[in-house]
Amino acid sequence: MLEAKLSAEHLAHIRQNQAIYGMKKTVELGQVNATSTVLSILGKDNVLNLLRRHMHKDWGDIDELDWYQNEQALLMGDRIISSYRIENETVFVITESDRSYTTIMMAYEY
């Protein structure tokens, strides 16, 4: 997936950091919270699907720079933000830098 999303320069930098810090295959989520709005609009199954995508490093509908920043954040312990377009709505999945919790919310709730 990385090769399809990142330029050669960004990919090389990620690979270098993976060699130093180790490969991270999934995101540690911590406690998971979903807003009542996102649950009522999307339903539990859609919310769980987005959470699985985020956990497995599918950052959704973001540009190359944001994809790169998420890959770096995973390695360096920074905040990770995924964005998904579902049913004409934008949903954010945000894992905090200390990996203590992950929040799923509508973009307009941010």
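The preceding data block contains the structure.
Residues numbered from 1 in each chain as written. Predicted model: local features only at pLDDT ≥ 70, side-chain atom pairs only at ≥ 80, totals over all residues. Heavy atoms only, no water.

Asks: Looking at this structure, how should I read the environment of D66?
Replies: Tracing the backbone through its elements, the reader meets D66 in helix α4 (residues 64-76). Looking at D66, the relative accessible area reads 33%, which means it is partly exposed. Taking C-alpha positions, D66 is 8.8 Å from S82, a pair spaced 16 residues apart along the chain. (Helix = DSSP H or I, 4+ residues; strand = E, 2+ residues; numbered from the N terminus. Buried < 20%, exposed > 50% of the residue type's maximum accessible area, 1.4 Å probe, protein only.)

Asks: Before we go on, may I ask you to explain the sheet that holds strand β2 (residues 80-86) in this structure?
Replies: As a general point, the strands of a sheet are linked pairwise by backbone hydrogen bonds and lie either parallel or antiparallel. Spatial strand order, β1-β4-β3-β2: 4 strands in an open sheet with mixed pairing. The open sheet has two edge strands, β1 (31-34) and β2, and neither has a second partner. Mean inter-strand twist for the sheet, computed between neighbouring axes without regard to direction, equals 15°. Relative to strand β3 (residues 89-95), β2 runs antiparallel, the two sharing 7 bridges. In the strand pairing of β3, R85 is matched with T90. (Pairing = 2+ DSSP bridges. Axes fitted to C-alpha atoms, helices over the stretch in contact; angles between N-to-C directions.)

Asks: I keep staring at the nonpolar core and nothing clicks. Help me out?
Replies: General note: in soluble globular proteins, nonpolar side chains tend to be found buried as a group. V38, L42, L50, V91 and I104 are the most contacted members of the largest nonpolar core, which has 23 residues in total. Listed by contribution, the elements that provide at least two residues to this core are α2 (8-21), α3 (36-55), α4, β2, β3 and β4 (101-106). Among the elements that line this core, the one with the most residues is α3, at 5 residues. (Core = buried A, V, L, I, M, F, W, Y, C linked by side-chain atoms within 4.5 Å.)

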